[in-house]
Amino acid sequence: GWRAYDFRDPAGGARPFQWSEIDEAWQDWSRTRLRQALHHPLAKAAYLADLEAMCQADACLLVCPTGMSAHLEAGWMAGRRKPTVAWIPEQQRLELMYQLASGVYEGLD
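Computed from a prediction, not measured in an experiment: that's the story for all the values here. (Residues numbered from 1 in each chain as written. Predicted model: local features only at pLDDT ≥ 70, side-chain atom pairs only at ≥ 80, totals over all residues. Heavy atoms only, no water.)

1. Section: the environment of Phe17
Thought 1: With respect to the helices, strands and loops of the structure, Phe17 is situated in the segment before α1 (31-37).
Thought 2: Looking at Phe17, the relative accessible area reads 26%, which means it is partly exposed.
Thought 3: In the structure, Phe17 is positioned ten residues away from Phe7 in sequence and 8.0 Å away in space, judged by C-alpha atoms.
Thought 4: The contacts of Phe17, once residues within four sequence positions are left out, are Ile22, Leu42, Ala43 and Ala46. (Helix = DSSP H or I, 4+ residues; strand = E, 2+ residues; numbered from the N terminus. Buried < 20%, exposed > 50% of the residue type's maximum accessible area, 1.4 Å probe, protein only. Contact = heavy atoms within 4.5 Å.)

2. Quick notes on the packing of helix α2 (residues 41-56) against helix α3 (residues 68-79)
Thought 1: Interaxial distance between α2 and α3 falls to 11 Å at its minimum, and their mutual angle equals 35 degrees. Judged by the sense of rotation from one axis to the other, the crossing of α2 with α3 is right-handed. Listed contacts from α3 to Asp50, Leu51, Met54 and Cys55 of α2 are Glu73, Trp76 and Met77. (Axes fitted to C-alpha atoms, helices over the stretch in contact; angles between N-to-C directions. Left-handed = near helix turned anticlockwise from the far one by under 90°.)

3. Brief notes about the pairing of strand β1 (residues 60-63)
Thought 1: Burial along β1 is one-sided: the face carrying Cys60 and Leu62 is buried and the face carrying Leu61 and Val63 is not.
Thought 2: Looking at chain direction, β1 and strand β2 (residues 84-87) are connected through four bridges and run parallel. Bridging across to β2, Leu61 finds its partner in Val85. (Pairing = 2+ DSSP bridges.)

4. Brief notes about the packing of aromatic side chains
Thought 1: Counting across every chain of the model gives two aromatic pairs.
Thought 2: For the ring pair Phe17 and Trp19, a centre distance of 4.9 Å and an interplane angle of 80 degrees mean the geometry is edge-to-face.
Thought 3: Seen in terms of ring centroids, Trp19 and Trp29 are 5.5 Å apart; in terms of plane orientation they differ by 80 degrees. Their pairing is edge-to-face. On the criterion of sequence distance, the pair formed by Trp19 in the segment before α1 and Trp29 in the segment before α1 is long-range, its members being ten residues apart.
Thought 4: A relative accessible area of 24% means that Trp19 is categorised as partly exposed.
Thought 5: Given the relative accessible area of 16%, Trp29 is considered buried.
Thought 6: Clustering of aromatic rings is evident, with ring pairs tying together Phe17, Trp19 and Trp29. (Phe/Tyr/Trp six-rings, centres within 6.5 Å; stacked < 30°, edge-to-face > 60°.)

5. Quick word on the pairing of β2
Thought 1: Side-chain alternation along β2 places Thr84 and Ala86 on a buried face and Val85 and Trp87 on a face that remains uncovered.
Thought 2: Since β1 and β2 lie parallel, the crossover through α3 that links them has a hand, and here it is right-handed.
Thought 3: Relative to strand β3 (residues 103-105), β2 is paired through three bridges, and the arrangement is parallel. Bridging from a neighbouring strand, Trp87 pairs with Tyr105 of β3. (Right-handed = clockwise from strand over helix to strand, strands pointing away.)

Following this line, the structure appears as structure tokens:
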């Protein structure tokens, strides 16, 4: 009975956002170029779609290992007092701020 949002498979048939849609050489960007690209219409639309999904969500499951954006999103969710759980199934560096989470788990039990 759960419905999950996955950025790799956005709702409504939208394609997942890729920085390469803005520039094929995105991996060579400077920090300045990255800051500029955050304002590109495609990046803005993808951001707003993710933000809307977070606003509509009742809870957050952070599945590790993951990237920095997911950690920012989980922090935002926890800050909004939405139940936020971190699932860390493999050895990785633990973060002090995981205390914001409602729970931190390593197994499915």
